[in-house]
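Residue-level structure breakdown
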Amino acid sequence: MSSDANYLNHLRTVQARGFYANFTLTIVAVGIHLFMALYGLSVFLETPGPQRKGRKRYIIASFLITVLSALSASLDMANYFQVLFAATSPTHWRKLMVISFMEGWKRLVGNTAFAFVIMIGDALLVYRCYIVCVEYWWVTILPMLTSLSALVLFLKPLYQSTTDTATHEASASTFLTVSTNILVTGFITFRLLLARQRVAKLLPTSDARLYIGVIAILIESAAPVTVFGIIVAILQEIVGPRGNHTPGFYVAVYLFQALFYSFCALSPHMIIFRVTTGRSFTKFPSPSQGADGGLSNPIQFARQTAESSFLQSTLNREFGRDRQVGVDTERGMNESVDYSTRTQTSIMDAEQEKKNEGSIDSEGMKKAQ
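The following refers to the structure shown.

**A short note on the overall build of the protein**
Scanning the protein for helices and strands turns up 9 helices and 0 strands. The N-to-C order of helical and strand elements in the protein reads α-α-α-α-α-α-α-α-α. For the protein, the share of sequence-separated contacts (at least 6 apart) that also reach a separation of at least 24 residues comes to 76%. Accessible surface, the protein: about 20700 Å² in total, of which carbon and sulfur atoms supply 64%.

Dropping the structure here:
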């Protein structure tokens, strides 16, 4: 009997440490959010006016994600500190945690704030899917529905008195969030790959790589949410409302939950960060074709999709460098031609003077005779 009690106390202690590690990792993620928001704002303020077009909404979304993430993490940490401070034993800690989950206003407000973070992130992904697939806008309907369904299932356990189905609803919400990321990333990747095939025939390889970079960023941003989300959904389904598992299993649950929910906010914020710092597009890039299919002038972008500050600035730098090199080369060639011309002229003048002197001398000799 005492051995069972000791094991239960050890299990509760491991769970308490797991919760603490979870909340600590969330605070670290808030620091990353704060850095990306402030640095993105500083770059935005230093950017010339024409290149700011389309970035203001991303700055607003960046600070909304940062503020709501900080609010959620702060309330969770404050609530957990009170539980730890009041707990007298591992078993008592468990009871206080259940009470705080069911009745604590801090958890209610914190989880609601984080639900809005997830909503902003999913809305950003769906929006970028729309601007990339604008000709086929109807493909965004499915990820929009999965995103809304995930939000409802995430909020439902907060406003119900029983926890019997909470884990199943949390698992379903996680699967739907992962599905949203998979759908959006798949649509955007497919669309950009088609665009790259067309652009590769018109642009040099170095310019076509810009499209590869965009695809890589979108895949990297959605991959952590997808991978960790699948793991968390499976673990949540296994743990059950009254599951009794090993301490290592609970450590894995808390660790992957922290990673998943952190990247639910970090992944879209990384996209925002690249946009606000001019490293990603605000509208789908669509370069116009030259008359001969080549690159006869700097790329211009279609009016209906606006300019991409990222692609435009990069290409302008490349073309500016090429033009400068061409000017320098031409200037050097002109100087070389001018120098050779001057040299040849000097030689011809010298020969002409010698001829003139020779003719004068011959005439003088004739007169003397």
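Next, the rest of the story.
**Concerning the packing of helix α2 (residues 56-86) against helix α4 (residues 105-132)**
Contact geometry of α2 with α4 gives a least axis separation of 8 Å together with a crossing angle of 155°. With respect to α4, the element α2 is oriented roughly antiparallel. α2 and α4 meet at a crossing whose hand is left-handed. Residues that form the contact of α2 with α4 fall into these classes: 18 nonpolar, 6 polar and 4 charged.

**So, the side chain of S262**
With respect to the helices, strands and loops of the structure, S262 is situated in helix α8 (residues 247-276). Here A258 takes part through its backbone oxygen, which lies 2.6 Å from a polar atom of the side chain of S262. If sequence neighbours within four positions are ignored, S262 has contacts with L25, T26 and A29.

**Re the packing of aromatic side chains**
Counted by the stated rule, this structure contains 17 aromatic pairs. Relative to F23, the ring of F19 has its centre 6.1 Å away and its plane inclined at 40°; by these criteria the two rings are tilted. With F19 and F23 both in helix α1 (residues 2-46) and 4 residues apart, this pair spans about one turn of that helix. The pair F19 / F23 is uniform in exposure class, with both members buried. An angle of 45° between the planes, with centres 6.2 Å apart, marks the rings of F228 and F256 as tilted.

**Side note on the state of the cysteines**
For the structure shown, the criterion picks out 0 disulfides. Of the cysteine sulfurs around C129, a residue in no disulfide, the closest is that of C133, at 4.4 Å. For C129, a relative accessible area of 0% gives the class buried.

**Details of a nonpolar patch on the surface**
Side chains of Y130, V134, Y136, W137, W138, I141 and L145 sit close together on the surface and give an oily, nonpolar patch of about 740 Å² of accessible area. Mapping Y136 onto the fold places it in the loop between α4 and α5 (141-155). Classification of Y136 as partly exposed rests on a relative accessible area of 47%.

**Side note on α8**
Its 30 residues give α8 an end-to-end C-alpha distance of 43 Å, which sits within 8% of 44 Å, the value for a rise of 1.5 Å per residue. Along α8, the largest kink reaches about 35° and is centred on F263. At the C-terminal side of α8, G278 shows a positive phi close to 80°.

**Things to note about the environment of E237**
Here E237 is to be found in helix α7 (residues 205-239). Assessed through its relative accessible area of 39%, E237 is described here as partly exposed. Sequence separation of E237 and A170 is 67 residues, and the distance between their C-alpha atoms is 8.5 Å. Setting aside its immediate chain neighbours within four residues, E237 contacts H168 and S171.

**Thoughts on the environment of P268**
Along the chain, P268 turns up in helix α8. Of the residues examined, P268 reaches a relative accessible area of 4% and is grouped as buried. When the C-alpha positions of P268 and I65 are compared, they lie 9.2 Å apart, and in sequence the two are 203 residues distant. Not counting chain neighbours up to four residues away, the residues in contact with P268 comprise G121, L124 and F263.

**Some remarks on the packing of α2 against α8**
One way to put it is that α2 packs onto α8 with a least axis distance of 9 Å and a crossing angle of 145°. For the element pair α2 and α8, the recorded crossing hand is left-handed. Residue-level inspection shows Y58, I59, A61, S62, I65, T66 and S69 of α2 in contact with α8, the latter providing A265, H269, I272, V275 and T276. Taken together, the residues of the contact of α2 with α8 break down into 7 nonpolar, 5 polar and no charged.

Rules used throughout
Residues numbered from 1 in each chain as written. Predicted model: local features only at pLDDT ≥ 70, side-chain atom pairs only at ≥ 80, totals over all residues. Heavy atoms only, no water. Helix = DSSP H or I, 4+ residues; strand = E, 2+ residues; numbered from the N terminus. Contact = heavy atoms within 4.5 Å. Areas by Shrake-Rupley, 256 points an atom, 1.4 Å probe, with all protein chains shown as cover. Axes fitted to C-alpha atoms, helices over the stretch in contact; angles between N-to-C directions. Parallel < 35°, antiparallel > 145°, perpendicular 65-115°, else oblique. Left-handed = near helix turned anticlockwise from the far one by under 90°. Nonpolar A, V, L, I, M, F, W, Y, C, P; charged D, E, K, R; others polar. Polar contact = N/O pair within 3.5 Å; in protein donor to acceptor, adjacent residues only side chain to side chain. Phe/Tyr/Trp six-rings, centres within 6.5 Å; stacked < 30°, edge-to-face > 60°. Buried < 20%, exposed > 50% of the residue type's maximum accessible area, 1.4 Å probe, protein only. Disulfide = S-S within 2.5 Å. Patch = residues over 30% accessible without salt bridge, like charges linked within 9 Å, V, L, I, M, F, W, Y side chains within 5 Å. Salt bridge = Lys/Arg side-chain N within 4 Å of Asp/Glu carboxyl O. Expected span 1.5 Å × (residues − 1). Bend = angle between axes of the 7 residues up to and from the residue.

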